Amino acid sequence: MTDSQQFTFKAETKQLLNILIHSLYKDREVFLRELLSNASDAINRLRFEMLTNANVLDADAELKIHVRADKDSRTVTIQDTGIGMTREEAIDHLGVIAQSGARKFLEAAKEKNVDASGMIGQFGVGFYSVFMVAEWVKVTSRSFHPDAEAVTWYATGDDAYQVSAGEMSERGTKIEIKLKEDAAEFAEEYRIKNIIHKHSDYIGFPIYVGDEKESVNKQTSLWRTSRNEITEDQYKDFYRQTTLDFEEPLSHIHFVTDAPVQLYALLYIPSKAERGVFALRKEDGLKLYSRNILIDDYNKDLLPEYLRFVQGVVDSEDLPLNVSRETVQSSGLMPKLKKVLTGQVIKELESMAKKDAEKYNSFWGEFGAYLKQGIAASPMDTENIQGLLRFKTNLNPETWSSLEEYVGRMKAEQKEIYFIVGEDSKSVLRSPHLDYFHAQGTEVLLLTDPMDSFMLMGLRKYKDFELKNVSQADVKIDEKEKEKAEAEKMPDTDFNTLIEKFKQVLGEQVADVRASSRLSQSVARLVDPDGTMNPEMQRVYKFLGKEYEVPKKILELNPSHAILKNLLKLENADLQTAIVEQIYDSALLVEGLHPDPSSIAPRVQRIIEAALQK
Ligand code: ADP
Ligand code: MG
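Every chain begins its residue count from 1, and numbering advances along the sequence as written. Starting at A for chains and at 1 for ligands, labels are handed out in the order in which the entities are written. Thresholds applied to this predicted model are a pLDDT of at least 70 for local features of residues and 80 or more for the giving and counting of side-chain atom pairs; totals over whole chains, interfaces and linings are not thresholded and use all residues. Side-chain calculation: all heavy atoms of the structure are included, whereas hydrogens and water are not.

**Q** Quick one: what's the story with the overall build of the chain, residue by residue and with numbers?
**A** In terms of regular secondary structure, the chain is built from 21 helices and 21 strands. In terms of overall dimensions, the chain is more spread out than a globule: its C-alpha atoms have a radius of gyration of 34 Å, far above the 25 Å expected for 614 residues. The 614 residues of the chain split such that 50% are buried. Within the chain, contacts between residues separated by at least 24 positions form 71% of all contacts whose residues are at least 6 apart in sequence. All accessible areas in this document rest on Shrake-Rupley with a 1.4 Å probe, and a residue is counted as covered only by the protein chains that are shown. Surface summary for the chain: the accessible area is close to 30,300 Å², and the carbon and sulfur share equals 48%. Under the DSSP-based scheme used, a helix requires at least four consecutive residues in state H or I and a strand at least two consecutive residues in state E, with every element numbered from the N terminus. Radius of gyration here is computed from C-alpha atoms only, and the compact-globule reference equals 2.2 Å multiplied by the residue count raised to the power 0.38. Only protein chains enter the accessibility calculation, which uses a 1.4 Å probe; a residue is then buried when its area is under 20% of its type maximum, exposed when over 50%, and partly exposed in between. By definition in these notes, contact holds between two residues if any of their heavy atoms fall within 4.5 Å.

Below, the structure written as C-alpha cells:
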C-alpha cells in the first residue's frame with residue numbers, strides 16, 4: 001500500500017512560487033523570520049490548547065524552537081515543539097496561500113508590473129518565502145493529538161507537492177531546507193544568529209542554534225520590554241509587522257500598570273483612518289494576551305467603539321488562566337482594563353494636542369468623526385472627549401479651534417456657545433441666521449460634518465456654557481442698530497399687505513409668515529415653529545433615513561429691506577409672485593433644505609428677462 005499522495009498547487013500559489021523562486025531579492029533572509037514566526041504561532045496555539053486540555057502528546061516537553069545548520073550538506077532545519085499538523089492540516093495549510101499579506105503581494109506585483117521582489121520583506125508572504133532560498137523543502141510534523149500520525153510534506157517549488165507518512169515520534173514540526181547554491185550563507189550559524197537578533201528577538205520562546213544551550217533571542221515580547229530598551233525603529237517595525245500598514249503610526253503608547261489591574265499595553269494611533277489596501281488587520285480590535293499567550297486576535301471589548309481605530313497589544317497577568325475566548329468577556333476584569341486603556345489613549349491624545357498641534361490636527365482630520373461619535377454614544381466619556389474636539393468657526397474658518405480656545409475668545413457678556421449646522425462651510429457662512437453674529441463679531445462654530453448633529457445629542461454644555469443653535473438664539477441687538485432698523489422699516493400697513501401676499505403665494509408650504517428683528521443684510525430666513533424638534537435632531541433623523549418630513553417652517557421677513565419695499569410697489573403681478581417664490585426658495589437653499597435646487601432656474605430666467613425689459 002502506498003500512502004504517498006501528489007497534489008498540485010492552486011494557480012495563485014504557483015504564481016507566488018514563481019516570483020519567489022526567481023527572486024534575487026537581497027533581503028531573502030526574511031524567510032527565517034517567517035518560519036520562526038510560524039513556529040512561535042504553533043507553540044502559542046499549543047499553550048492555548050493546554051489551558052483546557054491536558055491530553056496532549058509530550059505534555060512536558062520544553063516549548064522551544066531549534067535551528068540547526070549544516071554547511072556541508074547546505075541544509076538548515078527549524079524544529080518546534082508546537083501544536084503540529086495532522087496529514088489533513090498539512091494539506092490544508094501548506095498547500096494554499098494562508099497569509100493575506102501574500103495575496104496582497106501578488107495583487108501589488110500584478111498591478112505595478114515591476115520587480116515586486118523588492119517588496120517581499122515588507123509584505124511577509126509567510127511560509128512560501130522559504131522558496132526564495134530553497135531547492136527543496138521537507139516539512140515533517142506530528143500533531144498534539146496523542147493518536148495522530150506523523151506526516152511529511154515535500155515540495156521543490158514546482159507545480160506539485162507530495163504528502164506521505166512521516167517519521168517523527170515527538171510533537172511539533174520540523175522544516176528541513178536544502179538551500180540553493182547561491183543561498184549557502186544561510187547554513188552559517190553566525191548568519192542565522194544575526195537574522196534572529198534582527199528580526200525575531202522578541203519571540204516569546206527560546207530559540208536555540210546548533211548545540212548551544214543558551215537561547216539566542218531575548219524572549220521578551222516587545223510590550224513586556226522596558227521602554228528605555230526599545231528604539232523608535234523597533235516600535236515602528238513592530239507596528240508594521242502586526243498591521244502591514246506602511247504609513248508610520250502617528251504615535252505609540254507603551255505602558256505597564258499594576259493597579260487596579262496588572263497589564264502591559266503597546267498601542268498605536270495610525271496615521272490614516274482608511275486601512276491601506278495591503279493592511280493585514282481587516283477587523284477592529286486589539287490583540288489580547290494572557291500571560292504572554294495570545295487568546296484573542298481581535299478583541300473589541302478593550303476599548304470603547306469610538307476608539308476602535310487604535311491598534312496594538314494588551315497583555316495581562318490578571319486574566320484567569322483557564323480563560324477561553326468566550327469567558328474573557330464575562331470576567332469582571334474587562335471593564336477595568338477598558339477603563340485604564342481608554343484613559344491612556346485620551347491622555348496621549350491630549351498630550352499630542354498640547355505638544356504638537358500640527359500632528360494633532362492631522363489626527364483630528366482623520367479621526368475627528370470617531371470622537372464625535374464617542375460624544376453621542378458614550379455619555380460617560382463626554383467630559384474626557386470634549387477637550388479633544390476641534391471646530392472651524394465663522395471668525396476662524398481655516399484653522400481648528402478647541403472649545404477652550406473658543407471660550408477664551410468669548411466676549412465678557414456672551415453666555416452661550418453658538419453654533420450653526422449646515423451642509424458645508426461656504427453655505428453656512430452665507431446663512432441669514434448669522435447676520436447679527438457677523439455684524440457684531442460674535443464667534444460661531446460651523447458644524448458641517450454629518451457626525452456633528454449626532455455629537456450635539458451628547459454635547460449640550462461645555463463648562464458653564466450651553467451650546468445654542470444660532471437660529472434659536474436670542475441675540476441682543478445694540479441700541480444704535482435697533483434705531484437704524486426702526487428708521488428704515490416700512491410702515492406696518494404696507495408690511496401687512498406684503499405678508500398677505502407671501503401667505504397667498506406660498507400657501508401650505510409655510511407654517512407662517514412674520515416679521516423678524518434678527519435680520520440685517522438678508523431679506524428672509526426660515527425658523528422652526530415653537531415645539532418642533534430642533535434642527536440638529538432633524539438632521540439626525542434625515543441621516544438615519546427615518547421616515548420623517550421636515551416640519552413646515554416659518555418664513556421671517558426683514559421689514560427694513562429695500563427688496564421688500566420695492567417688491568410691494570411692483571406692478572407686474574406675475575413678476576411679484578415669482579419673486580416671492582424665489583425669496584422662499586433661496587431661504588430653503590441656504591438652509592440646505594431645498595428638495596430640487598435646479599427647479600429654480602426657469603424662474604430665475606423669467607426674473608432676469610423682466611429686469612432686462614425695463
Ligand atoms: P500564516 O502564518 O499567516 O497563517 P503561513 O503561510 O506563514 O501563514 O503559514 C500557513 C499555515 O501553515 C499556518 O497558518 C499554519 O496553520 C501552518 N503552519 C506553518 N508552519 C507551521 C508550524 N511550524 N507548525 C504548525 N503549523 C504550521
Ligand atoms: Mg506565518
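Let us keep going from here.
**Q** Describe the site of ligand 1, listing the residues and the values that go with them.
**A** Around ligand 1, the surrounding shell holds 13 residues, and the nearest of these are Asn38, Asp80, His93, Gln99 and Phe127. Any pair of nitrogen or oxygen atoms within 3.5 Å is treated as a polar contact; in protein, a donor-acceptor pairing is required on top of that, and neighbouring residues in sequence qualify only through side-chain atoms on both sides. Between ligand 1 and Phe127 there is a distance of 2.9 Å, counted from an oxygen atom to a backbone nitrogen or oxygen. Protein burial of ligand 1: of its 530 Å² of free accessible surface, 85% is covered by the chains. Secondary-structure elements contributing two or more residues to the shell around ligand 1 are α2 (30–50) and α3 (87–94). It is α2 that provides the largest number of residues to the shell around ligand 1, a total of four residues. The residue inventory of the shell around ligand 1, partitioned by class, reads six nonpolar, five polar and two charged. A single heavy atom is enough: if one lies within 4 Å of a molecule or strand, its residue is considered near that molecule or strand. Amino acids outside the nonpolar list (Ala, Val, Leu, Ile, Met, Phe, Trp, Tyr, Cys, Pro) and the charged list (Asp, Glu, Lys, Arg) are all regarded as polar, and Gly is one of them.

**Q** Give a description of the pairing of strand β21 (residues 553–557) that names residues and reports values.
**A** By the criterion of burial, β21 is predominantly enclosed, with five of the five residues buried. Side chains of β21 alternate between two faces, with Lys553, Leu555 and Leu557 and Ile554 and Glu556 buried alike. Here strand β19 (residues 510–515) runs beside β21; their pairing, made up of five bridges, is parallel. From the neighbouring strand, Asp512 faces β21, where its bridge partner is Ile554. Two strands make a pair as long as DSSP finds a minimum of two bridges between them. Bridge count between strand β20 (residues 524–527) and β21: four bridges; the pairing is antiparallel. Each bridged residue has a counterpart across the sheet, and for Arg525 the counterpart in β21 is Glu556.

**Q** Please provide a residue-by-residue account of the pattern of salt bridges, values included.
**A** A pair is scored as a salt bridge if a Lys or Arg side-chain nitrogen falls within 4 Å of a carboxyl oxygen belonging to Asp or Glu. Tallying each qualifying case throughout the model produces 29 salt bridges. Salt bridges sharing partners connect three or more residues here, namely Glu29, Glu185, Arg191 and Lys198.

**Q** For the nonpolar core, give the residues involved together with the corresponding values.
**A** Generally speaking, nonpolar side chains in soluble globular proteins are found buried as a group. Take the buried residues of types Ala, Val, Leu, Ile, Met, Phe, Trp, Tyr and Cys, join any two whose side-chain atoms come within 4.5 Å, and each joined set is a nonpolar core. Counting residues in hydrophobic clusters, the biggest one holds 69 residues, and the most contacted among them are Leu341 and Phe363. Element by element, the count of residues in this core is highest for helix α9 (residues 333–355), at ten residues. Here Leu341 is in contact with Phe255, Leu263, Ala265, Leu267, Leu302, Leu303 and Val314, once residues within four sequence places are set aside. Listed in part, the 59 residues of the second largest apolar core include Leu16, Ile65, Val130 and Ile195.

**Q** Let's hear about the sheet that holds strand β3 (residues 75–80): which residues, and what values?
**A** Ordered in space as β1-β6-β5-β4-β7-β3-β2-β8, the eight strands form an open sheet in which the pairing is mixed. Whereas interior strands pair on both sides, the edge strands pair on one side only; in this sheet they are β1 (5–8) and β8 (207–209). Here the average twist between neighbouring strands, direction ignored, is 15°. With five bridges connecting them, strand β5 (residues 151–155) and strand β6 (residues 160–165) associate as antiparallel partners. By the bridge assignment for β6, Ala155 is matched with Tyr161. Only C-alpha atoms enter the line fits that serve as axes; for helices the fit covers just the stretch in contact. Angles between N-to-C directions range over 0 to 180 degrees. Seen against the sheet, α2 touches β2 (65–70), β3, β7 (172–179) and β8 and runs at an angle of roughly 20° to β3. Of the strands in this sheet, β2, β3 and β8 are in contact with helix α6 (residues 189–199), which crosses β8 at around 160°.

**Q** Before we move on, can you summarise a nonpolar patch on the surface with the specific residues and values?
**A** In this scheme, patches are assembled from residues that exceed 30% relative accessible area and form no salt bridge. Like charges are connected within 9 Å, while nonpolar side chains (Val, Leu, Ile, Met, Phe, Trp, Tyr) are connected within 5 Å. A cluster of nonpolar residues, Val604, Ile608 and Leu612, forms a patch on the protein surface that exposes about 280 Å² of accessible area. Given a relative accessible area of 31%, Val604 falls into the partly exposed group.

**Q** Can you lay out the domain arrangement of the chain for me, pointing to particular residues and giving the numbers?
**A** Reports of interface size often rely on the accessible area that becomes lost once the parts have come together. Domain boundaries shown here were taken from an automatic or database domain assignment. Splitting the chain by domain gives domain 1 (5–209), domain 2 (222–355), domain 3 (360–469) and domain 4 (479–613). One C-alpha centre belongs to domain 1, the other to domain 3, and the line joining them spans 54 Å.

**Q** Could you give an account of helix α1 (residues 11–21), naming the residues involved and the relevant values?
**A** Listed in full, the buried residues belonging to α1 are Thr13, Leu16, Leu17 and Leu20. Along the long axis of α1, the arc covered by the buried residues comes to 100°, so they all point the same way. Working definition: the arc comes from the directions between the helix axis and the C-beta atoms, pointing outward to the latter.

**Q** Can you break down the packing of helix α17 (residues 492–506) against helix α20 (residues 573–591) residue by residue, with the values?
**A** Packed helices, taken two at a time, are described by their axes: the angle between them and the distance between them. Two numbers describe how α17 lies on α20: the axes approach to 10 Å, and their chain directions differ by 80°. Considered as vectors, α17 and α20 are oriented roughly perpendicular to each other. The segment α17 lies against α20, with Lys501, Phe502, Val505 and Leu506 engaging Ala573, Gln576, Thr577, Val580, Glu581, Ile583 and Tyr584. The residue makeup of the contact of α17 with α20, split by class, is seven nonpolar, two polar and two charged. Geometric relationships in this document are graded by angle, where less than 35 degrees denotes roughly parallel, more than 145 denotes roughly antiparallel, 65 to 115 denotes roughly perpendicular, and other angles denote oblique.

**Q** A description of the pairing of β7 should follow, citing residues and the corresponding values.
**A** In terms of burial, β7 is a largely internal element, six of the eight residues being buried. As judged from the eight bridges shared by strand β4 (residues 134–142) and β7, these two strands associate in the antiparallel manner. Residue pairing for β7: Thr140 is matched across the bridge by Lys174.

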